[in-house]
Amino acid sequence: MDTYKLDSRETIELGGVKQSICLRAADEKLPLLLFLHGGPGVCDRHWVLKYQSSLAESAVMICWDQRGSGLSYDKAYKPEDFSVDLMVSDAAELAEKLCERFEREKLIIVGHSWGSLLGTLLAKRCPEHIAAYIGMGQFVRGDENEAMSYDFVMNVARETGNKKALAELERIGAPIKGHYKSLDDLMVQRNWMTKFGGGAYKHKESIWTSMVLPLLATPEYRLTDLYNYYKGSFFSLGALWDEVVDANLERDVKSLEMPVFLTEGRHDQNTPPSIAERWFEALEAPKKEWIWFESSAHSPIKEEPELWGETVKGIIASLGQF
């Protein structure tokens, strides 16, 4: 649809600092659906609203540029002032404010990649505001995640005889307990992982073509916003990544009090699903459902957008009133 009763870009204060959200819905009385983007620092409102526009007929879609990211970036921020716990606190405050504004008790959260770690921790911290958790590219533990992702690119490089990839991957070396020697080394691995189809199954492309070019074509960020988007992406990654890699949901989140739905790409090599499967099988929750997307890797929301959107609509309908 081309018109919405609610279609706004707003600034909200969370944790004492101004942050940006956008909201879209055919009706403000619809269930609340909060998207938690990945990265850290990789805001996704431009492709959430592009690929999932029809969800606005089933939910109030809320996209949030997290502290230090995108339109919420501020050059005054210092890395030492950031932590995973602070990001969870921001998310909890946002959830509470959204429930109060729309006169609801609970909302649904969708967490992607880093946002799936944030979303799981949010669901654990304030279950009173979370009706259901939907994960995608589910992050569980950084050490094993990074080891498996590195092994994937090395194996493809060897099998295909890609000398450039082999040279670069041998230069950076395998991560130690999930940690690379620098963020530049991490980006080398991620670039080859993306080129080898571990990020988007049917689109083997570089980080530049998969992440940067779409920003140039979206109305969600003006050309003048892109510098802050770029700065915020690398700032957030630098401020939070070491702590993210050390995270372990198998250790820290063994139960959740709401229904849990994981929408996972079969070919994901960014956050290999086998790790999430093990956590999911052991997780205690009132309802659990694992949903495979056979033609996707890390982002079914845009790799199989119609199927993912219909799946989420079905989840919303199954929850009834909340």
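Residues numbered from 1 in each chain as written. Predicted model: local features only at pLDDT ≥ 70, side-chain atom pairs only at ≥ 80, totals over all residues. Heavy atoms only, no water.

### Some thoughts on the environment of His 37
Topologically, His 37 is positioned in the loop between strand 3 (32-36) and helix 1 (45-51). Residues His 37 and Gly 119, 82 residues apart in the sequence, show an inter-C-alpha distance of 9.5 Å. Not counting the four nearest positions on each side in its chain, His 37 is found in contact with Val 42, Cys 43, Asp 44, Trp 64, Asp 65, Gln 66, Ser 69, His 112, Trp 114 and Gly 115. At a separation of 3.3 Å, a polar atom in the side chain of His 37 contacts the main-chain carbonyl oxygen of Val 42. (Helix = DSSP H or I, 4+ residues; strand = E, 2+ residues; numbered from the N terminus. Contact = heavy atoms within 4.5 Å. Polar contact = N/O pair within 3.5 Å; in protein donor to acceptor, adjacent residues only side chain to side chain.)

### Considering a nonpolar patch on the surface
Judged by side-chain polarity, Tyr 227, Tyr 230 and Phe 234 come together as a nonpolar surface patch covering roughly 370 Å² of accessible area. Along the polypeptide, Phe 234 turns up in helix 8 (residues 226-245). (Patch = residues over 30% accessible without salt bridge, like charges linked within 9 Å, V, L, I, M, F, W, Y side chains within 5 Å. Areas by Shrake-Rupley, 256 points an atom, 1.4 Å probe, with all protein chains shown as cover. Salt bridge = Lys/Arg side-chain N within 4 Å of Asp/Glu carboxyl O.)

### Things to note about a negative patch on the surface
Negative charge collects at one region of the surface, where Glu 96, Glu 100, Glu 128 and Glu 257 lie side by side. Tracing the backbone through its elements, the reader meets Glu 100 in helix 2 (residues 84-101). Accessibility expressed as a relative area gives 62% for Glu 100, which makes it exposed. (Lys, Arg positive; Asp, Glu negative; His and termini not counted. Charge placed at Lys NZ, Arg CZ, Asp CG, Glu CD. Buried < 20%, exposed > 50% of the residue type's maximum accessible area, 1.4 Å probe, protein only.)

### Observations regarding the side chain of Thr 271
Within the secondary structure layout, Thr 271 lies in the loop between strand 7 (260-265) and helix 10 (273-282). Looking at Thr 271, its side chain comes within polar contact range of the main-chain oxygen of Gly 137, at 3.1 Å. A polar atom in the side chain of Thr 271 sits 3.3 Å from the side chain of His 298. Those residues in contact with Thr 271, other than ones at most four positions away along the chain, are Ser 113, Gly 137, Gln 138, Phe 139, Asn 145 and His 298.

### Quick look at the sheet that holds strand 4 (residues 60-65)
The strand order across the open sheet formed by 8 strands is 1-2-4-3-5-6-7-8, and the pairing between neighbours is mixed. Two strands lie at the open edges of the sheet, namely strand 1 (6-14) and strand 8 (288-293), each paired on one side alone. In this sheet, adjacent strand axes meet at a mean angle of 20 degrees when their direction is disregarded. In terms of strand pairing, strand 3 meets strand 4 through 4 bridges, oriented parallel. The residue of strand 4 that forms the bridge with Phe 35 is Cys 63. Where helix 2 meets the sheet, its contacts fall on strand 1, strand 2 (17-25), strand 3, strand 4 and strand 5 (107-112), and the angle it forms with strand 1 comes to roughly 130 degrees. (Pairing = 2+ DSSP bridges. Axes fitted to C-alpha atoms, helices over the stretch in contact; angles between N-to-C directions.)

### Considering the packing of helix 4 (residues 142-160) against helix 6 (residues 183-195)
For any two helices packed against each other, one specifies the inter-axial angle together with the distance between the axes. Packing of helix 4 against helix 6 leaves a shortest axis separation of 9 Å and a crossing angle of 55 degrees. What the angle tells us is that helix 4 and helix 6 run oblique. Seen from above, helix 4 lies across helix 6 with left-handed handedness. Every residue of helix 6 that contacts helix 4 at Asn 145, Glu 146, Ser 149, Tyr 150, Phe 152 and Val 153 is listed here: Leu 186, Gln 189, Arg 190, Trp 192 and Met 193. Looking at the contact of helix 4 with helix 6 residue by residue, the classes come out as 6 nonpolar, 3 polar and 2 charged. (Parallel < 35°, antiparallel > 145°, perpendicular 65-115°, else oblique. Left-handed = near helix turned anticlockwise from the far one by under 90°. Nonpolar A, V, L, I, M, F, W, Y, C, P; charged D, E, K, R; others polar.)

### A word on unusual backbone geometry
Looking along the chain, the bond that leaves Gly 39 and enters Pro 40 is cis, with omega of 0 degrees. Tracing the sequence through the fold places Pro 40 in the loop between strand 3 and helix 1. At Glu 103, a position not held by glycine, the phi torsion is positive, near 55 degrees. Inspection of the secondary structure puts Glu 103 in the loop between helix 2 and strand 5. For Glu 103, a relative accessible area of 73% puts it in the exposed group.

Shape is all these values report; function is a separate question.
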